[in-house]
Amino acid sequence: MAIIHYDVIFEKHAAPTLEKIKSKIDQRMGLNTRLMKDAVEVAHAWPYLGMVRESGTLECAEASDSDMEITVGSTGVRISCVPSSTHPYFREIALAALIELGGKFDAKLDSFVGKKWNELSSVEKKGGWRAG
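Rules used in this analysis
Residues numbered from 1 in each chain as written. Predicted model: local features only at pLDDT ≥ 70, side-chain atom pairs only at ≥ 80, totals over all residues. Heavy atoms only, no water. Helix = DSSP H or I, 4+ residues; strand = E, 2+ residues; numbered from the N terminus. Buried < 20%, exposed > 50% of the residue type's maximum accessible area, 1.4 Å probe, protein only. Pairing = 2+ DSSP bridges. Salt bridge = Lys/Arg side-chain N within 4 Å of Asp/Glu carboxyl O. Contact = heavy atoms within 4.5 Å. Expected span 1.5 Å × (residues − 1). Phe/Tyr/Trp six-rings, centres within 6.5 Å; stacked < 30°, edge-to-face > 60°.

Chemist: Would you mind showing me how to read unusual backbone geometry here?
Modeler: Across residues other than glycine, the phi torsion is negative in most instances, and most of the peptide bonds are trans. A positive phi angle, near 75°, is found at Y48, a position not held by glycine. Along the chain, Y48 falls in the loop between β3 (45-46) and β4 (50-60).

Chemist: How do you make sense of the pairing of strand β5 (residues 66-73) when you look at a structure like this?
Modeler: Working note: regular strand, side chains alternate between the two faces of the sheet. In terms of burial, β5 is a largely internal element, six of the eight residues being buried. Connecting β4 to the antiparallel partner β5 that follows it, the hairpin turn spans five residues, and S64 within it adopts a positive phi of roughly 55°. Taken together, the four bridges between β5 and strand β6 (residues 76-81) define a ladder with antiparallel strand orientation. Opposite E69, over in β6, you have S80 as the bridge partner. Hairpin remark: β5 followed by β6, antiparallel, with two residues in the connecting loop.

Chemist: Would you explain the pattern of salt bridges in this entry?
Modeler: Oppositely charged side chains can pair when the atoms bearing their charge come close. As enumerated under the stated definition, the model contains eight salt bridges in all. R78 is the partner of D7 in a salt bridge, and the nearest nitrogen-oxygen pair spans 2.7 Å. On the criterion of sequence distance, the pair formed by D7 in strand β1 (residues 4-9) and R78 in strand β6 is long-range, its members being 71 residues apart. Among the charged side chains, a network of salt bridges with common partners joins K24, R28 and E100.

Chemist: What's the story with the side chain of K24 in this structure? I'm lost.
Modeler: Along the chain, the position of K24 falls in helix α1 (residues 18-29). Once residues within four sequence positions are removed from consideration, K24 is found in contact with A97, E100 and L101.

Chemist: It is not clear to me how α1 should be interpreted in this structure. Could you clarify?
Modeler: Residues that lie three or four places apart on an α-helix share one face, since the helix turns once every 3.6 residues. A rise of 1.5 Å per residue sets the reference length of α1, with its twelve residues, at 16 Å; its end C-alpha atoms lie 16 Å apart and thus fit the reference within 8%. Every buried residue of α1 is accounted for by L18, I21, K22, K24, I25, D26, R28 and M29. Close packing links the buried residues of α1 with β2 (34-38), β4, β5, β6 and α2 (88-100). Directly beyond the C-terminal end of α1, a positive phi value near 75° is found at G30.

Chemist: Would you mind going over the environment of W46 with me for this structure?
Modeler: On the secondary structure map, W46 appears in strand β3. Under the relative-accessibility criterion, W46 is labelled partly exposed at 28%. Sequence-wise, W46 and F112 are 66 residues apart; in three dimensions their C-alpha atoms are separated by 31 Å. Ignoring anything within four residues of it in the chain, the contact list for W46 reads V52, T71 and R78.

Chemist: Even after reading the chapter, I still don't get the packing of aromatic side chains, so can you show me in this structure?
Modeler: To describe a pair of aromatic rings, one takes the distance between the centres and the angle between the planes. On inspection of all chains with the given rule, the structure shows three aromatic pairs. Between Y89 and F112, the aromatic rings sit 5.5 Å apart at their centres with planes inclined by 70°, giving edge-to-face as the arrangement. Linking Y89 in helix α2 with F112 in the loop between α2 and α3 (122-126), this pair joins segments that are 23 residues apart in sequence. Judged on exposure class, the residue Y89 and its partner F112 are both buried. Through a chain of ring-to-ring contacts, the aromatic side chains of Y89, F112 and W117 assemble into a single cluster.

Keep in mind these numbers describe shape, not what the thing actually does.
Now the structure itself:
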């Protein structure tokens, strides 16, 4: 399985905490997600992210049991996910939340990031996004 990484850079201030990211995602989706924090290696630095501060897994049962890993560094946040286990809406909402929190991400996001989960059409909710 391929894992895809999305890096969002914070140039003007430190990257937000996992709790702040979770709160912004929940607010944008209109759903409650579940956050499980991981232990992190002290004094570990990643390119683009800086010194790793915290890491965890965010899950959303309503969005087709989606999950993603989030790593927060001093200057950036990395979202890591397996496309077949993460609904595109959940991933894109997470990226939109990080941009709203002051991050920089250059790719264009899908237009559904302006909707809450209950506003999505049944086609958007199903999406045909999982590999058969």
